[in-house]
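What follows is each chain in one-letter form.
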Amino acid sequence: MDAFKDVSRRQFFRASAGGAASLVIGFYLPARSILAMAQETAAPAPAKLPSPNAFLRIGADESVTVLLAHSEMGQGIWTTLPILIAEELECDWSKIRVEHAPAAPAYFHTAFGIQMTGGSTSTWSEFDRYRQAGALAREMLIQAAAAQWKVDPKSCRAEEGFVVCGGKKLSFGKLAAAAQKLTPPSRVELKTSKEWKRIGKPTRRLDSREKVTGRAEFGLDVRFPGLMTAVVARAPVFGGKVKSFRAEKAKATPGVKAVVQVPSGVAVVAEHFWAAKVGRDALEIEWDLGPGSELDTEKMREDFRALSQKPGLKAAAAGDVETAMRGAGTKIEAEYELPYLAHATMEPLNCTVKPGRDGCEIWTGTQFQTGDQAAAASVFGLETEQVKIHTTFLGGGFGRRATPSSHFVVEAAHVAKSAGMPVKVVWTREDDMRGGYYRPMWMHRLNAGLGGDGLPIAWRQTIVGQSILEGTPFAKMMIKEGVDETSVEGAADSPYLKAIPNHWIGLHSPRPGIPVLWWRSVGHSHTGFVVESFVDELAGAAKLDPLEYRRRLLKDHPRHLGVLNLAAEKAGWGNPLPQGTFRGIAVHESFGSFVAQVAEVSVEKNRIRVHRVVCAVDCGICVNPSGVAAQMESGVVFGLTAALYGEVRFKEGRVQQSNFHDYPLLRLHEMPRVETHIVASSEKSGGIGETGVPPIAPAVANAVFAATGKRIRRLPLRLA
Amino acid sequence: MKLIVNGKEHEVMTPGETPLLWVLRDFLGLTGTKYGCGMAQCGACTVHIDDQAVRSCVLPVGAVAGRSVTTIEGLSSAELHPVQRAWIETDVVQCGYCQPGQIMAAAALLKVKAKPSDADIDAALCGNLCRCGTYQRIRAAVRRASEIAGA
Amino acid sequence: MRTSRDSGLRNVLLIALGGAALLANATRFSATPAPVAAVSEQEGLAAFETVRAVLQHPRCQNCHIPGDAPLQFDEGRPHAQNVLRGPDGKGAPGFACGTCHFTANPPASWGPHMPPGAPNWHLPPPQTKMVFIGVSSGELCRTLKDEKANGGKDLAALLEHVSHDKLVLWGWSPGVGRDPVSPPHAEFAAKFKVWVDAGAPCPR
């Protein structure tokens, strides 16, 4: 983060966007090592800067336009990044406008070196860059005013969209043109946290109005004259290929314009979605299915179970587990399982591609602009800069729209190229549900030995599941000695292990050939459930209160303890509950933030109902408490849906689920009351979009154990 | 075929079996009504027909000829509808994709029940999925909308 | 008792056990019209067994529920989406049956799992639930004939209703992926008429 302190180390540039009378602030950051890694497959090194290219534009009409280097997919970055700019700029908040930035190196992630949104990183990774953009603009506006008034800039200040000096006052809009001509300062002072007016105050979202009026444009809503819609028939099993097909009936469907074969299947291109879908359903395709048709969930479970009996590759180790285990008074063994899961974003996947002579334009809700841009360029044989990406709002992301393979963009590019016309490829819900890129299925085998005080002296955990990163550009950096960090995060680095002198975390990464992907909270989505459930089991075996047991194990982890104690206190841990209601607790760190949740649960006729969730979060500096609370509520619902319902299964290679009737999501009447408490902190900001997810499943499973005495070690939680 | 959408008459040339949703989106350009499931499971496509909430994804357009359809674009004119105002005040939206459907469902509820109980809200809106999990704020916003409308 | 084989067996039993007890039972309903022509009470009771089997078919009984949450599918699981009967049998305020169920089934080409439709898709109102689930043959029969429960229909009106009402008829054309009620509607309507003509006798 040090690089951000000194503006002069970066190339500052101004561009004439929005006419001469505007001030444009932007930075160009040289790519860092991860970029080089991620670009080996496709993306070239950052070259010339496209225009317009800026983080901030101040218009003569007083508008302050913030360009987002990250995609708004619900997490609220549309509001968070403007808060950072406004904090330093001292503008009139009501004049803020927000746009997604184009795909360009200027917007590369400050830590990952490609333009992307993921890993709950947007706020902390932009915390300095966006504040500095605001501060730079403020200083230039002050200089412009001071020059006009012939006063010392130090005697001026910015306030609510004006530069003020004594009794004089000029608006930002009136100063923008003059400020644009100035040489930017090489250093800017950022406010100290005590001076913050906006950071830390609950702020309402800036995208509400367009989203409640239906005007917000999602990828699926893109329209322009001549745009066709395509629906693609893809193989019924993963890895299947088209052997032959007949398109007569499809072509005879009114509205169908073309039928084209692409690497992923056969696309029906039509004047509108319905014609394309009817046409797609009328295709007669013979598939070469390949070995994918043998996939079977039950068979995979057996294979995973067999693997879990073997140690696997070392992800973490200390001491001598075998010896310690022999000496333990109490020994506990358990097997935990989690299924494949679909992201099931409300907006199904889609991508619009307009091929042109000198380049192509793409409209899509993506979390991965740089990769998508390069991948589309390679389909068309274009230079990267010739591919223009318009990022629309994302109707949910959760990782699904950050695909290292850029598969949905590549496919749309192939369809548009083959059809020779602008095409929007739309995935039906069924296509989306059955299209793979799932959260992997996981099996964990655990053994623990307890010492005389009931605390573990030995812990062995063998994890079995597909690597997300294998075969992607991220593999080189994040798979170390065969261990995909995202497979074991939250387990291999668990704070509990610090208190357990003898431990071993092993990993098997089988390759059943199912496309897998990060799914909101990634590895923590399984390790959080397993570790926090198993610790609860150990507490039970030690006949200790689950809260007290965690406190003892986490005594050297103040931030874990902080949220644990806060959640317990606010939930009234230990106080009586209404008849039939029981509590469970869990705490988990992920993405630099700490979350503890206490769930209040009842069980009636084997049906689990969650009534209340008390959530404590320590995310370091909290930019927008309203947004943080929203993400905690969101994480609880997302995690609870997986805990109670989520499961993608395979039979003869076919995905058994297809739509929301067989892949149910939590509904309004099942929504628990979620109370979020934010720990006041001056630590560096952590992630927030994903961190609410990991603790809820174990908190509920632990409550179900309290209610029924049954320890459920498999998700989704089923009592009968 | 003649369609009345948001008070305007449209002539649409399409087979009567085409779902209303796709006529609204692809023929009339009213993209505020969303596609989520195509089988009345998620509610993202909710519109009003003669004041009643209806899932447009499973309604053949032929069945609507001559009836009055209202979409999210037609819910309010100069001033936002109380439900929309309440949604903004309560900071409900996240990704926002399901929200037009949620809002249309909430508006339909308030038409028949101006002061809904918590149970009424749960019963009326549980046909609308939200993957971002904005349910808690939706509940609060419907209550707030009822206050705004009654004020 | 819901399969056709069971009903056959039951018919035999009823006939074998006929006689005084059944006659005595039938006479309790003195308000019912006198048997028409030559349809015997035994024939009427046998015909009612077909009526019962139809009414207690999932296509029919899933909405004739004792509680307030309708059922769906052959196994009669609670209707998804927390669907409720509502104050008038037409669903919860704001979430009417008609939100998803229209006046006809969606086109067959749309495939299975689509919400079926028929005119006036609704449940019985809460005041007169007309429960078909978990009731004995006799209870079902008495409920059916009770004009306070059946919307003021006398036997002639009932016969007309089961013969021609479009929502009733939907049970025999329930759309893709759903088994229709058996036996065929014509047979059901004929048996219903036999039962009515026999004076609508109710089993014990």
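If you're wondering where the values come from, they're calculated on a predicted model, not measured in any experiment.

For chain A, the count of helices and strands is 20 helices and 30 strands. In terms of overall dimensions, chain A is globule-like: its C-alpha atoms have a radius of gyration of 27 Å, near the 27 Å expected for 720 residues. Along the three orthogonal principal directions, the C-alpha set of chain A runs to about 80 × 70 × 45 Å. Partitioning the contacts of chain A with sequence separation of at least 6, the portion at a separation of at least 24 is 76%. If you sum the accessible surface of chain A, you get close to 25,800 Å²; carbon and sulfur atoms cover 51% of it. With 87 positive and 75 negative side-chain charges, chain A shows a spacing of 3 Å between the two charge centroids.

When helices and strands are tallied, chain C shows eight helices and four strands. From first element to last, N terminus to C terminus, chain C shows the α and β order α-α-α-α-β-β-β-β-α-α-α-α. Expressed as a percentage of the 204 residues in chain C, the buried residues total 48%. In chain C, the proportion of contacts linking residues at least 24 apart, taken out of those at least 6 apart, comes to 63%. For chain C, the computed accessible surface area is about 9,600 Å², with 61% contributed by carbon and sulfur atoms.

Residues and elements named next belong to chain A. Ordered by their spatial adjacency, three strands build an open sheet running β6-β7-β8, and the pairing between neighbours is antiparallel. The strands lining the two open edges of the sheet, one partner per strand, are β6 (157-159) and β8 (168-171). Taken pair by pair, the neighbouring strands of this sheet meet at an average axis angle of 30°, ignoring direction. For strand β7 (residues 162-165) and β8, the ladder comprises four bridges, and the chain directions are antiparallel. In the strand pairing of β8, Val164 is matched with Lys169. Helix α4 (residues 172-180) contacts β6, β7 and β8 of the sheet and is inclined by roughly 75° relative to β8.

Evaluation of the coordinates by the stated rule reveals 27 aromatic pairs over all chains. A centroid spacing of 4.6 Å and a plane angle of 40° characterise the contact between A:Phe398 and A:Phe638, whose relative ring orientation is tilted. On the criterion of sequence distance, the pair formed by A:Phe398 in the loop between β18 (387-391) and α11 (407-419) and A:Phe638 in helix α19 (residues 625-644) is long-range, its members being 240 residues apart. Overall, A:Phe638 belongs to the buried group, its relative accessible area being 0%. Summarising the aromatic geometry, the rings of C:Phe188 and C:Phe192 are spaced 5.9 Å apart at their centres and angled 70° between planes, so their arrangement reads as edge-to-face. Here C:Phe192 and C:Phe188 lie together in helix α8 (residues 185-197), a separation of four residues that amounts to about one turn. The rings of C:Phe48, C:Trp172, C:Phe188, C:Phe192 and C:Trp195 are connected pair by pair, giving a single aromatic cluster. The residue whose ring lies beneath A:Lys684 is A:Trp124, and the NZ or CZ to ring-centre distance is 4.0 Å.

What follows deals with the environment of B:Gln41. Along the chain, the position of B:Gln41 falls in the loop between α1 (20-27) and β3 (46-49). Sequence separation between B:Gln41 and B:Lys115 is 74 residues; the distance between their C-alpha atoms is 26 Å. Filtering out sequence-adjacent residues up to four positions away, B:Gln41 remains in contact with A:Phe660, A:His661, A:Arg667, B:Gly127, B:Leu129 and C:Gln81.

What follows concerns the sheet that holds strand β14 (residues 313-318) of chain A. For sheets, the rule is that strands pair by backbone hydrogen bonds, running either parallel or antiparallel. Residues and elements named next belong to chain A. Pairing is mixed in the open sheet, where five strands are placed in the order β14-β24-β21-β20-β15. Of all the strands in the sheet, just β14 and β15 (330-338) have a single pairing partner and so form its edges. When strand polarity is set aside, the average angle formed by the axes of neighbouring strands in this sheet is 10°. Note: strand β21 (residues 456-465) against strand β24 (residues 502-508), seven bridges, orientation parallel. When the sheet's bridge partners are listed, Trp459 is paired in β24 with His503.

Residue and element names in this part refer to chain A. Under the domain assignment, chain A is made up of domain 1 (2-203), domain 2 (219-290 + 349-426) and domain 3 (297-340 + 438-708). Between domain 2 and domain 3, the C-alpha centre-to-centre distance is 37 Å. The largest per-residue losses of area from domain 2 upon contact with domain 3 belong to Phe238, Phe398 and Pro404, which jointly make up 60% of the total buried on that side. Across the contact surface, domain 2 and domain 3 share zero salt bridges. On the surface where domain 2 and domain 3 come into contact, there are two residue pairs in polar contact (both at pLDDT 80 or more).

Right, let's talk about the pairing of strand β5 (residues 96-100) of chain A for a bit. Burial along β5(A) is one-sided: the residues A:Ile96, A:Val98 and A:His100 are buried and none of A:Arg97 and A:Glu99 is. Running through helix α2 (residues 77-89) of chain A, the crossover from strand β4 (residues 64-68) of chain A to the neighbouring parallel element β5(A) is right-handed.

For the rest of this paragraph, the subject is the interface of chain A and chain C. Contacts between chain A and chain C engage four residues on the former and four residues on the latter. Contact with chain C buries surface across chain A, with A:His661, A:Arg667 and A:His669 losing the most and accounting together for 74% of the total. One can count zero salt bridges joining chain A with chain C.

This part covers the pairing of strand β2 (residues 8-11) of chain B. All names here are of chain B. Sheet analysis places strand β1 (residues 2-5) next to β2, joined by four bridges and oriented antiparallel. In the strand pairing of β2, Ile4 is matched with Glu9. Counting the residues between successive antiparallel strands, the hairpin from β1 to β2 contains two residues, one of them, Asn6, with a positive phi of roughly 50°.

Below, the discussion takes up the interface of chain A and chain B. Between chain A and chain B, the residue contacts involve 59 residues of the former and 48 residues of the latter. The contact between chain A and chain B buries some 4,700 Å² in all, and 58% of this surface belongs to carbon and sulfur atoms. Seen at the junction of chain A and chain B, the total is three salt bridges. Taken together, the elements giving at least two residues each to the side of chain A that touches chain B come down to α5 (208-212), α7 (273-281), α12 (429-434), α19 and β30 (673-678) of chain A.

All names here are of chain A. Of note, Ser122 is situated in helix α3 (residues 122-149). Side-chain polar atoms of Ser122 contact the side chain of His70, separated by 3.2 Å. Those residues in contact with Ser122, other than ones at most four positions away along the chain, are His70, Ile77, Leu81 and Thr117.

Evaluated as defined, the whole model comprises one disulfide over all chains. In this model C:Cys141 forms its disulfide with C:Cys202; the gap between the sulfur atoms is 1.9 Å. Looking along the S-S bond of the C:Cys141-C:Cys202 disulfide, the torsion reads about -80°, which is the left-handed sense. Of the two residues, C:Cys141 is situated in helix α5 (residues 137-145) and C:Cys202 in the segment after α8; the sequence distance between them amounts to 61 residues. The structure places no disulfide on A:Cys360, whose sulfur is separated from the nearest cysteine sulfur, that of A:Cys351, by 8.8 Å. The buried category is assigned to A:Cys360, whose relative accessible area is 3%.

Quick look at the confidence of the model for chain C now. Mean pLDDT over chain C works out to 86, with 82% of the residues at or above the 70 mark. Below a pLDDT of 50 lies the segment residues 1-31 of chain C, which in the model reaches 33 contacts outside its immediate sequence neighbourhood of four places, other chains included.

The peptide bond linking A:Leu715 to A:Pro716 adopts the cis configuration, its omega dihedral lying at -5°. Residue position: A:Pro716 is located in the segment after α20 (696-708). Residue C:Pro183 is reached from C:Ser182 by a cis peptide bond, and omega for that bond is 0°. Here the phi dihedral of A:Ser120 falls at roughly 50°; this positive angle occurs in a residue that is not glycine. Tracing the backbone shows A:Ser120 in the loop between β5 and α3.

Our next topic: the confidence of the model for chain A. All names here are of chain A. Of all residues in chain A, 93% have pLDDT values of 70 or greater, and the mean over the chain is 92. Segment residues 1-20 is flagged for pLDDT under 50; beyond a separation of four residues in sequence, or across chains, it makes 57 contacts in the model. Across residues 28-53 the pLDDT falls below 50, and counting only partners more than four positions away or on other chains, this stretch makes 59 contacts in the model.

On to the packing of helix α3 (residues 41-55) of chain C against α5(C). In a packed pair of helices, the relevant descriptors are the angle between the two axes and the axis-to-axis distance. Residues and elements named next belong to chain C. Two numbers describe how α3 lies on α5: the axes approach to 10 Å, and their chain directions differ by 85°. Of the possible angle classes, the one that applies to α3 and α5 is roughly perpendicular. Residue-level contacts link Phe48, Glu49, Val51, Arg52 and Leu55 of α3 to Ser137, Leu140, Cys141 and Leu144 of α5. Considered class by class, the residues forming the contact of α3 with α5 number six nonpolar, one polar and two charged.

How each quantity is defined
Residues numbered from 1 in each chain as written. Chains lettered and ligands numbered in written order. Predicted model: local features only at pLDDT ≥ 70, side-chain atom pairs only at ≥ 80, totals over all residues. Heavy atoms only, no water. Helix = DSSP H or I, 4+ residues; strand = E, 2+ residues; numbered from the N terminus. Rg over C-alpha atoms; globule rule 2.2 N^0.38 Å. Contact = heavy atoms within 4.5 Å. Areas by Shrake-Rupley, 256 points an atom, 1.4 Å probe, with all protein chains shown as cover. Lys, Arg positive; Asp, Glu negative; His and termini not counted. Charge placed at Lys NZ, Arg CZ, Asp CG, Glu CD. Buried < 20%, exposed > 50% of the residue type's maximum accessible area, 1.4 Å probe, protein only. Pairing = 2+ DSSP bridges. Axes fitted to C-alpha atoms, helices over the stretch in contact; angles between N-to-C directions. Phe/Tyr/Trp six-rings, centres within 6.5 Å; stacked < 30°, edge-to-face > 60°. Lys NZ or Arg CZ within 6 Å of the ring centre and 35° of its normal. Domains from an automatic or database assignment. Buried area = accessible area lost by both parts, 1.4 Å probe. Salt bridge = Lys/Arg side-chain N within 4 Å of Asp/Glu carboxyl O. Polar contact = N/O pair within 3.5 Å; in protein donor to acceptor, adjacent residues only side chain to side chain. Right-handed = clockwise from strand over helix to strand, strands pointing away. Disulfide = S-S within 2.5 Å. pLDDT = per-residue confidence, 0-100. Parallel < 35°, antiparallel > 145°, perpendicular 65-115°, else oblique. Nonpolar A, V, L, I, M, F, W, Y, C, P; charged D, E, K, R; others polar.

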